[in-house]
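Breakdown of the fold
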Amino acid sequence: MPAPFEAKPYTGKTAFEQWVEYEGVPMIRDFIVPDLNSIEIKPWDRLGASGSWVVLGAPEDQLSMGAYVCEIQPGKSTKPQKHLYEEVVYVLRGNGATTVWNEGEKPLSFEWKRGSIFSPPINTWHQHFNGSGAEPVRYVALTNAPAVFNMFHSYDFIMNNPFRFKERFDGDSEYFSGKGTSRPGLVWESNFIPDIVNLNLHEFSVKGPGLRQVEMELSGNTLSAHLNDSPVGVYKKAHRHGPGAYIIILAGRGYTLMWREGEKWQRFDWGTGSMMSPPNRWFHQHFNLGKESIRQLALKGWGQKYPIGGWEQMFKSTEAGGDMIEFEDEDPAIREMYVEELNKEGLELKNPPVTYRKGM
Ligand SMILES: [Fe+2]
């Protein structure tokens, strides 16, 4: 039987973009979306639900990572699906359950709600159920589907592949129990995080004053996630890395400056529900303008367990050849602008004073 979709050689659209078009789902391409809860969604036959792709970054970035939003109507479920790309799911709204199984084996089920994070292991069958008869479920998932589609450009290989990743998912009945292990590097390794609110955050002031963070490793993935919390009146250090970190604002409001080295920054304002992704190798720097701490969840295309590159560079200063700009080395206009913005809100700067290094 021929595959339902066959990617053609490039004529202005990558294999991933052709596949999205074939499935008839909208795709948002931007730096940021203001609120994941209100983006336009359309019926998505393969999922048996509604949704939209959200592929963020700069227009010239390689298509490697992409998120999608899925909404399941009250009392309904998605169709069973499996695929040869990874995904990490964050539940934005509602509650329900997911069933996961390998072909011909006993399914495992677990229940989730708003604030849950999990990842159906790569190429396992999975099906999501809305547990409410009254409220829709909405979740956002980061995937490496663009990289996988563009690399293999074969629908059958990706969507209909019998390979079983035994080392990732062995059907262990405790797999989605929510138990986990703390590891060095601020890591919480668990295949199911029932409620992100209960995660234990660790001091991580190398990124900014008062910052607390936890890294999450799930389902043997290359993809990972982190959550951080940054206090009132504080801004973080600028840093940069490759594409594919999708930042979701769980709480708070503020703005982010993003710039390509040697160019003027662009400012992006955000609030609860926003999602943004710093483009490939663009510096980015986050500023809290609210009266409460900000909580950012990043779903990202790399982790510490199975890294795809030198993530240690991200927290080494530019002075030492790394990718993080210490406050002493940044453009003084960045702090001046933040102080001005804070004052408009009746707030004060809480970052410690800075002495700029010579030559600034
Ligand atoms: Fe970053």
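Scroll up a little and you will see the structure.
In this text the structure is predicted, and so the values were computed from the model without any measurement.

A closer look at the packing of aromatic side chains
Summed over the entire model, instances satisfying the criterion amount to 33 aromatic pairs. Each ring, one from Tyr 175 and one from Phe 176, has its centre 4.8 Å from the other, and the planes form 70°; the classification is edge-to-face. Each of the two residues, Tyr 175 as well as Phe 176, counts as buried. Here the aromatic residues Phe 16, Trp 19, Trp 44, Trp 53, Tyr 68, Tyr 85, Tyr 139 and Phe 149 are joined through ring pairs into a cluster of three or more. Positioned above the aromatic ring of Trp 265 is the side chain of Lys 264, whose terminal nitrogen or guanidinium carbon lies 3.8 Å from the ring centre. When the ring centre of Tyr 255 is taken as reference, the NZ or CZ atom of Arg 267 above it lies at 4.1 Å.

Thoughts on the coordination of the iron ion
Coordination sphere of the iron ion, protein contribution only: His 239 (NE2), His 241 (NE2) and His 284 (NE2), at 2.1 to 2.2 Å. Between the donor residues of the iron ion, the gaps in sequence give the motif H-x1-H-x42-H. Remark: His 284 occurs in strand β23 (residues 283-288) and His 239 occurs in strand β18 (residues 238-239); sequence separation between them is 45 residues. Considered together, His 239 and His 284 belong to a single accessibility category, that of buried residues.

Description of unusual backbone geometry
Phi is positive for Leu 186, close to 65°, though the residue is something other than glycine. Examined against the element boundaries, Leu 186 turns out to sit in the loop between β12 (181-183) and β13 (187-189). In this structure, Ser 219 is a non-glycine residue whose phi angle is positive, near 55°. For Ser 219, the location among the structural elements is in the loop between β16 (212-217) and β17 (224-230). Residue classification places Ser 219 among the buried positions, given a relative accessible area of 1%.

Looking at empty space enclosed by the protein
Tallying each qualifying case throughout the model produces 1 cavity of 30 Å³ or more. What lines the largest cavity is Lys 207, Lys 236, Lys 237, His 239, His 284 and His 286. Grouping the amino acids of the lining of the largest cavity by side-chain chemistry returns no nonpolar, 3 polar and 3 charged.

Regarding the pattern of salt bridges
For the structure shown, the criterion picks out 27 salt bridges. Here Asp 329 makes a salt bridge to Arg 357, at a shortest N to O gap of 2.5 Å. One end of the pair, Asp 329, is in the loop between β25 (324-325) and α4 (332-344); the other, Arg 357, is in the segment after α4, and 28 residues separate them in sequence. Look at Asp 329 and you get buried, because its relative accessible area is 14%. Several salt bridges converge on common partners, so that one network encompasses Arg 240, Glu 261, Arg 281 and Asp 323.

The rules we used
- Numbering of residues starts from 1 in each chain and follows the order in which that chain's sequence is written.
- In keeping with the model being predicted, local features are shown solely for residues with a pLDDT of at least 70 and side-chain atom pairs are shown and tallied solely at 80 or more, while totals for entire chains, interfaces and linings include all residues.
- Side-chain metrics rest on all non-hydrogen atoms present in the structure, leaving aside hydrogens and water.
- Note on ring pairs: Phe, Tyr and Trp rings are taken, using the six-membered ring of Trp, and paired if centres are within 6.5 Å. Classes follow the plane angle, with under 30 degrees stacked, over 60 edge-to-face and the rest tilted.
- Relative accessibility decides the category of a residue: with a 1.4 Å probe and only protein chains considered, values under 20% of the type maximum give buried, values over 50% give exposed, and everything between is partly exposed.
- Should the NZ of a Lys or the CZ of an Arg lie within 6 Å of a ring centre and within 35 degrees of the ring normal, that charge is described as sitting over the ring.
- Donor criterion used throughout: N, O or S atom within 2.8 Å of the metal, extended to 3.2 Å for Na, K and Ca. Water excluded; incomplete-looking sites may result.
- Here a strand is any run of E in DSSP of at least two residues, a helix any run of H or I of at least four, and the numbering for each starts at the N terminus.
- Grid points spaced at 1 Å and placed over the protein atoms alone form the basis of the search, with a cavity being a set where a 1.4 Å probe fits but cannot get out and a pocket an open set showing protein on both sides within 12 Å along at least five of seven lines. Lining residues have an atom within 4 Å of a point.
- Grid points are joined across faces, edges and corners, and a volume is the space filled by probe spheres set on the points.
- Nonpolar residues are Ala, Val, Leu, Ile, Met, Phe, Trp, Tyr, Cys and Pro. Charged residues are Asp, Glu, Lys and Arg, and all others, Gly as well, are polar.
- Salt bridges, as used here, are contacts in which a Lys or Arg side-chain nitrogen is within 4 Å of a carboxyl oxygen on Asp or Glu.

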